[in-house]
Amino acid sequence: MDIKAIREMFPILDQEVNGNPLVYLDTSATSQKPLPVIKAVDDYYRNNNSNVHRGVHTLGTRATDQYEGAREKVRAFINAESAAQVIFTRGTTTSINFVAYGYARPNLKPGDEIVITPMEHHSNIIPWQQAAKATGATLKYIPLQEDGTILLEDVRNTVSDQTKIVAITHVSNVLGTINPVKEIAKIAHDHGAIIVVDGAQGAPHMKVDVVDLDCDFYAFSGHKMCAPTGIGVLYGKRELLEKTEPVEFGGEMIDFVDLYDSTWKELPWKFEGGTPIIAGAIGLGAAIDFLNDIGMNNIYEHDKKLADYALERLSTIDGITIYGPEERGALVTFNLDDVHPHDTATVLDAEGIAVRAGHHCAQPLMKWLDVTATARASFYLYNTLEEIDTLVDGLLKTKEYFGNVFE
Amino acid sequence: MSLNNLDTLYRQVIMDHYKNPRNRGVVEGESVSVDMNNPTCGDRIRLQLKVEDDIVKDAKFEGEGCSISMSSASMMTQAVKGKKIEDALEMSQLFSDMMLGKELKTDLDLGDIEALQGVSKFPARIKCATLAWKAMERGVKEEN
């Protein structure tokens, strides 16, 4: 991978922040956008903007072709059987809510179980809490190991014949844990349960094959993989999507509308009520082309190299606590002794380094880690080893700055 | 911005309040208790106020958070203790104005609080600084 050439595709990276070159280490929150994506959205609005699936005019046809063309790109990207199984949503949160509202609520009853883990993002906890409350189902947690991984044995001990849904993140946004989704899917299926995978931190960083993983639903966001904000994907197995009720009713998603009843369009459109996120989907299509040109396996290797190097370098800092396992996705979450992560992030920002500080939308996990907040550096295809060195220097300065306070 | 510019944020007096918080703990006897958190970052505070005859007789806090939120809580309790409710609320308004970078016109003695002026230059940290004041406002309003 030619990182220099890749970085040139991301105009935002070429700037100074607080007098220092920007070091963007917050991709897990949102990735930066390359020129082809910016251009695709710009081109759509300049030349082709029109509503989709309606009207006869030429622009409408162009917009529809581009929108549906993007759906096909997503299908190929995750190796789904059919583009009808690719639903465009607003993002991972909406995707998971579609399953929790449209599938879980009509299909669960008291005594049924939903199984999740304490490492989930709020968007893969709260929809299930609400579905459990609404249906009388029970919410159960697979315990975590000390290092923030889960054992298949614990999955087997938690999932039972009463379990109807197992919902788990592909890659933890805090610990970086990469979960054995394929093996967990098998355990779920052996008990007649389905598996819902939160792929927000997975799909941007590794080749995802939904057929090989044998997952029933896979949710991810465009904005964490170089696409604009406001576009996401819900993949589902066809028979399950057929059993899933639409959540948003209105224009675009209907077949026939009568005074007292209506029928829905076929997949995938029955889930896409209202004017869809056309420019976002086109941007996502362009992002997928961009990532494919570089190669998802190359991106995976690059991200892994950065994560391994960051782990190695950060571990050398006295008084740092690093959370999560050795084997991890493209992020490192940590705390410095006696320095609150907000303060760490503010000092780093003064050095031009952007990291996330807070609870990362994972309050139950923060409780499990016995912290109120942490700092997180996360990486992507445009980051370099030198930037990790800059981060380490920044952290040493942070320690020095706050060390003087506590002397 | 060099690290030296951080000194406008992390003034010595702020760090002193962070390191040696005043009025940390719980109020003895009857009091009004307010729990507040900053859901985007996890800072949280439990503020207890004892209000008698429209005067804040005592103010104590517990909580967890960054240097700015905790030092601000320490300074706020120090500032409002012994004040009339209306003065405490006016101080809170002044504090909000200060966070917006407005020039302050007041006869009230703001004491250490003025050290937090630098926070206005760090928009991401303003919420940290205002958390304790919001808790105080809610507390005295509940008391009334």
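Residues numbered from 1 in each chain as written. Chains lettered and ligands numbered in written order. Predicted model: local features only at pLDDT ≥ 70, side-chain atom pairs only at ≥ 80, totals over all residues. Heavy atoms only, no water.

A. Just the packing of aromatic side chains, in detail. All names here are of chain A. This model, assessed by the stated rule, comprises 13 aromatic pairs over all chains. A ring pair is formed by Phe10 and Phe290, whose centres lie 5.6 Å apart and whose planes are at 75 degrees; its orientation type is edge-to-face. Of this pair, Phe10 sits in the loop between helix H1 (3-8) and strand E1 (16-17) while Phe290 sits in helix H10 (residues 278-294), placing them 280 residues apart in sequence. You'll find Phe10 and Phe290 in the same group, each marked buried. Measuring from centroid to centroid gives 5.2 Å for Tyr67 and Phe88, while their planes differ by 50 degrees, and the two rings are tilted. (Phe/Tyr/Trp six-rings, centres within 6.5 Å; stacked < 30°, edge-to-face > 60°. Helix = DSSP H or I, 4+ residues; strand = E, 2+ residues; numbered from the N terminus. Buried < 20%, exposed > 50% of the residue type's maximum accessible area, 1.4 Å probe, protein only.)

B. Quick look at the pairing of strand E5 (residues 113-116) of chain A. All names here are of chain A. Of the two faces of E5, the one holding Glu113 and Val115 and the one holding Ile114 and Ile116 are both buried throughout. One ladder, built from 4 bridges, connects E5 with strand E6 (residues 138-141); its direction is parallel. Each bridged residue has a counterpart across the sheet, and for Ile114 the counterpart in E6 is Leu139. Chirality of the crossover, the property in question, places the unit of E5, helix H5 (residues 126-135) and E6 among those that are right-handed. Inspection of the sheet shows E5 paired to strand E7 (residues 163-169) by 3 bridges, in the parallel sense. Bridged to Val115 within E7 is Val166. (Pairing = 2+ DSSP bridges. Right-handed = clockwise from strand over helix to strand, strands pointing away.)

C. Broad picture of the nonpolar core. In this structure, Phe88, Ile195, Tyr218, Leu284, Leu291 and Leu381 of chain A are the most contacted members of the largest nonpolar core, which totals 76 residues. Element by element, the count of residues in this core is highest for H10 of chain A, at 11 residues. Beyond its immediate sequence surroundings of up to four residues, Ile195 of chain A is in contact with Val166, Ile168, Val181, Ile184, Ala185, Ala188, His189, Asp214, Cys215, Asp216 and Phe217 of chain A. In terms of nonpolar packing, the next biggest core, distinct from the first, is built from 74 residues, Val332, Leu348 and Ile353 of chain A together with Ile85 of chain B among them. (Core = buried A, V, L, I, M, F, W, Y, C linked by side-chain atoms within 4.5 Å. Contact = heavy atoms within 4.5 Å.)

D. Local environment of the sheet that holds strand E3 (residues 55-64) of chain B. Residues and elements named next belong to chain B. Spatially, 3 strands are ordered E1-E2-E3 in an open sheet, and the strand pairing comes out antiparallel. At either margin of the open sheet sits one strand with a lone partner, and together these are strand E1 (32-38) and E3. For this sheet, the mean angle separating the axes of adjacent strands, direction not counted, is 20 degrees. Pairing geometry for E1 and strand E2 (residues 43-52), over 7 bridges, is antiparallel. Paired with Asn38 across the bridge in E2 is Asp43. Of the strands in this sheet, E1, E2 and E3 are in contact with helix H4 (residues 126-143), which crosses E1 at around 150 degrees. (Axes fitted to C-alpha atoms, helices over the stretch in contact; angles between N-to-C directions.)

E. Main features of the interface of chain B and chain A. Tallying the contact residues gives 22 residues for chain B and 23 residues for chain A. Across the chain B to chain A interface the summed buried area is about 1,800 Å²; carbon plus sulfur atoms make up 58%. Applying the counting rule to chain B against chain A returns 1 salt bridge. Of the charged contacts in the structure, one is a salt bridge between Asp343 of chain A and Arg125 of chain B, with a shortest N-O distance of 2.8 Å. Summed over the shared surface of chain B and chain A, the number is 8 residue pairs in polar contact (both at pLDDT 80 or more). Counting residues per element, the ones that place at least two in the side of chain B that touches chain A are helix H1 (12-19) and helix H2 (67-80) of chain B. The greatest single-element share of the side of chain B that touches chain A, amounting to 3 residues, is contributed by H1 of chain B. Tallied by class, the residues present in the side of chain B that touches chain A amount to 13 nonpolar, 4 polar and 5 charged. (Buried area = accessible area lost by both parts, 1.4 Å probe. Salt bridge = Lys/Arg side-chain N within 4 Å of Asp/Glu carboxyl O. Polar contact = N/O pair within 3.5 Å; in protein donor to acceptor, adjacent residues only side chain to side chain. Nonpolar A, V, L, I, M, F, W, Y, C, P; charged D, E, K, R; others polar.)

Nothing here speaks to function; it is all geometry.
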